[in-house]
Amino acid sequence: MTVDGYIELKAWQVAIAASLVLLNAAISLGLQLGLGRSLVVASMRMVVQLLLIGYVLRWVFQSDSVLTVLALAVIMTIIAGVAAVRRTERRYPGVYWASSVSVLVSSWLVTSFGIAAVLQKADTWYEPQYAIPILGMILGNTLNGISLGLNRLEDELVVHRNLVEMSLTLGATSWEAARGPVRQAVRTGMIPMINSMMVTGIVSLPGMMTGQLLSGVSPLQAVKYQIVIMFLIASGTALGTVGVVLLSFRRLFNRNHQFQSGLLTAAGHK
Amino acid sequence: MDSAGVLLDAQGLGRFVPGTQQWLLRDVSLAVRGGDRLAIVGPTGSGKTLLLRSLALLDPIDEGRVLWLSQTISARLVPAFRSQATYLHQRPALIEGTVEDNLRLPFTFRIHAHQDFDRRRVASMLEMVGRGADFLARSWHDLSGGEAQIVALVRALQLNPTVLLLDEPTASLDASTTQTIERLISHWHERTNGKRALIWVTHDRQQSTRVAQRVVQMNAGKLLEGT
């Protein structure tokens, strides 16, 4: 059924799409990949997670209250902060704090800018229709940059510990000794975003734009929205990556210009 | 103790295994004066490297303190201190690039920014160890272990440190390279008529008597006066 320019999906239509998973199941069986269980679990999880967030969003959209929107935004931010660390291979005391602060400051700052300055909706910033999807998209990408940057920093410092310490022994400050790893980490966090801007619209149509096209928005409007979002995401990723790298640097080096390599442990070890 | 002429003074240094009360280094006191050549010997795991790293303030100290020219070293002055009391690793760490790139590296640090890389001086040091001017253009990954250690040593010596903290710099080198390195260090030490000092950690008793005028023994994190 068409409603305001888009086709409203019924449960049976979703079920038709779900039947496609049988194709994957057939491949798994045919080639004895042993993926059957994972496939079922992954499909079920995806359905349950999306339905849950659908109901949560419906409730948030209907409530139209500042507190509800803020609460959801805080939960999303904390989950992103924790998930960013979970994807890395090493831990240090305070890493979850560093990641969460970086996610929070970068994504909230950029989302606020997007809503207030770009969309010009400063007085109704809490409207969930804009705040939640924009924050969500920025969080998803910032989280990626943060985890890549954090992982690279820890990796560089561990692998090149001898170079860092050599610089310190020759009179380098901790910043001078760590600037190579810091630079590499920030680059690593930002490169996927730059690559994605390079190919967007050529290799793939971005998800948000596709969604808008499906819901009947004119292509040029959808493109404008996408451009705005890409810029917001790029700056959120940059801010978040720089934030987590600097906070980690401050934690891993003390004021006496000593590299506290003992603080870094492999994930899963105490 | 008379503190006149003391360059580096460690007082009651202690370090323990993080999070425990198990001592790795306990109540170590050591004073180094201009002209001193001190060797520290002892079995593997006795705390020699740990002591040297503590003297260079590379690790946090749990007990005691390190004084430089009878003064405590504030956090701000740690880089300046390390440029005067320089620690040399057992395994040389080189950056990617040529020998010259490695020798120029310290001048990118603020503490050495007022100095310039002195090619002539470096060339004369390299000549002393039988390496010509073309050695400067050699790539870091074409160097043998001994050559890499020579580069690391020249990189430190060109900055005119007052005290060298040498952590078994010749442990994995052949006799001839060991001799070369000893010669280079001895030349650096003798140049200023008793103003410079060195602490040389080694497990080689013969080397300790060759390079030092005083040998102390370490055992289980404690310093025992030796031969």
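In this text the structure is predicted, and so the values were computed from the model without any measurement.

Peer 1: What exactly am I supposed to notice about the overall build of chain B here?
Peer 2: From N to C terminus, chain B includes seven helices and 10 strands. Relative to a compact globule of 227 residues, whose C-alpha radius of gyration would be 17 Å, chain B shows 17 Å and is just as compact. Burial statistics for chain B: of 227 residues in total, 52% are counted as buried. A fraction of 73% describes how many contacts in chain B between residues 6 or more apart in sequence connect residues 24 or more apart. Both charge centroids of chain B, one from 26 positive and one from 23 negative side chains, sit 4 Å from each other.

Peer 1: Hey, could you run me through the packing of aromatic side chains in this one?
Peer 2: Centre distance and the angle of the planes are the two values used to describe a pair of aromatic rings. Applying the stated rule across the entire model yields seven aromatic pairs over all chains. Ring centres of Trp125(A) and Tyr126(A) lie 5.7 Å apart, and the angle between their planes is 85°; on these two criteria the pair is classed as edge-to-face. By way of ring pairs, the aromatic residues Trp175(A), Phe249(A), Phe253(A) and Phe259(A) are connected into one cluster. Sitting over the face of the ring of Phe135(B), Arg131(B) holds its NZ or CZ atom 5.8 Å from the ring centroid.

Peer 1: Just to check I follow, could you spell out empty space enclosed by the protein for this structure?
Peer 2: On inspection of all chains with the given rule, the structure shows one cavity of 30 Å³ or more. Here the largest cavity defines a volume of roughly 80 Å³. Every residue lining the largest cavity is counted, 14 residues in all, and those nearest its centre are Met166(A), Leu88(B), His89(B), Ala152(B) and Arg155(B). Class assignment of the residues belonging to the lining of the largest cavity gives a composition of eight nonpolar, four polar and two charged.

Peer 1: Which parts of the structure should I look at to understand the layout of surface pockets?
Peer 2: The method is simple in principle: a probe with the dimensions of a water molecule rolls over the atoms, and the space it marks as empty is what remains. Considered as a void within the structure, the largest pocket measures approximately 930 Å³ in volume. Along the wall of the largest pocket there are 19 residues; nearest its centre are Leu9(A), Val14(A), Leu50(A), Leu51(A) and Gly54(A). Among the elements that take part in the lining of the largest pocket, helix 3 (residues 36-63) of chain A stands out by supplying 10 residues, more than any other. Class assignment for the residues of the lining of the largest pocket results in 15 nonpolar, two polar and two charged. Each of domain 1 (1-63) and domain 2 (65-266) of chain A gives at least three residues to the lining of the largest pocket. As for the second largest pocket, its lining consists of 24 residues, of which His160(A), Leu163(A), Leu94(B), Ile95(B) and Glu96(B) are closest to the centre.

Peer 1: Mind showing me how you'd approach the environment of Val66(A) here?
Peer 2: Residue and element names in this part refer to chain A. Within the secondary structure, Val66 is located in helix 4 (residues 66-86). What makes Val66 partly exposed here is its relative accessible area of 33%. Along the primary structure Val66 and Glu127 are separated by 61 residues, whereas in three dimensions their C-alpha atoms are 7.9 Å apart. If we ignore the near neighbours within four places in the chain, the residues touching Val66 are Trp125 and Tyr126.

About the cut-offs
Each chain carries its own residue numbering, running from 1 in the direction its sequence is written. Here every chain gets a letter starting at A, and every ligand a number starting at 1, in the order they are written. Only residues with pLDDT of at least 70 are given local features in this predicted model, and only at 80 or more are side-chain atom pairs given and counted; all residues enter the totals for whole chains, interfaces and linings. To obtain the side-chain values, all non-hydrogen atoms of the structure were included, while hydrogens and water were left out. A helix here means a DSSP run of H or I that spans at least four residues, while a strand means a run of E at least two residues long, and both kinds are numbered starting from the N terminus. We take the radius of gyration over the C-alpha atoms and set the globule estimate at 2.2 Å times the residue count to the 0.38 power. For every residue, the accessible area (1.4 Å probe, protein chains only) is compared with the maximum for its type, and the residue is labelled buried under 20%, exposed over 50%, or partly exposed between those bounds. Any two residues whose heavy atoms approach within 4.5 Å are treated as being in contact. Charge convention: Lys and Arg are scored as positive, Asp and Glu as negative, and His as well as the terminal groups of each chain are ignored. Each charge is placed at NZ for Lys, CZ for Arg, CG for Asp and CD for Glu. Note on aromatic contacts: the rings of Phe and Tyr and the six-membered ring of Trp form a pair at centre separations within 6.5 Å, being stacked when their planes are under 30 degrees apart, edge-to-face when over 60 apart, and tilted otherwise. Whether a charge sits over a ring depends on NZ of Lys or CZ of Arg being within 6 Å of the ring centre and within 35 degrees of the ring normal. Points on a 1 Å grid, built from protein atoms alone, make a cavity when a 1.4 Å probe fits but cannot get out and make a pocket when they are open with protein on both sides within 12 Å along at least 5 of 7 lines; residues with an atom within 4 Å of a point are the lining residues. Grid points are joined across faces, edges and corners, and a volume is the space filled by probe spheres set on the points. When residues are grouped by polarity, Ala, Val, Leu, Ile, Met, Phe, Trp, Tyr, Cys and Pro land in nonpolar, Asp, Glu, Lys and Arg in charged, and all others, Gly among them, in polar. Domain start and stop positions are those given by an automatic or database domain assignment.

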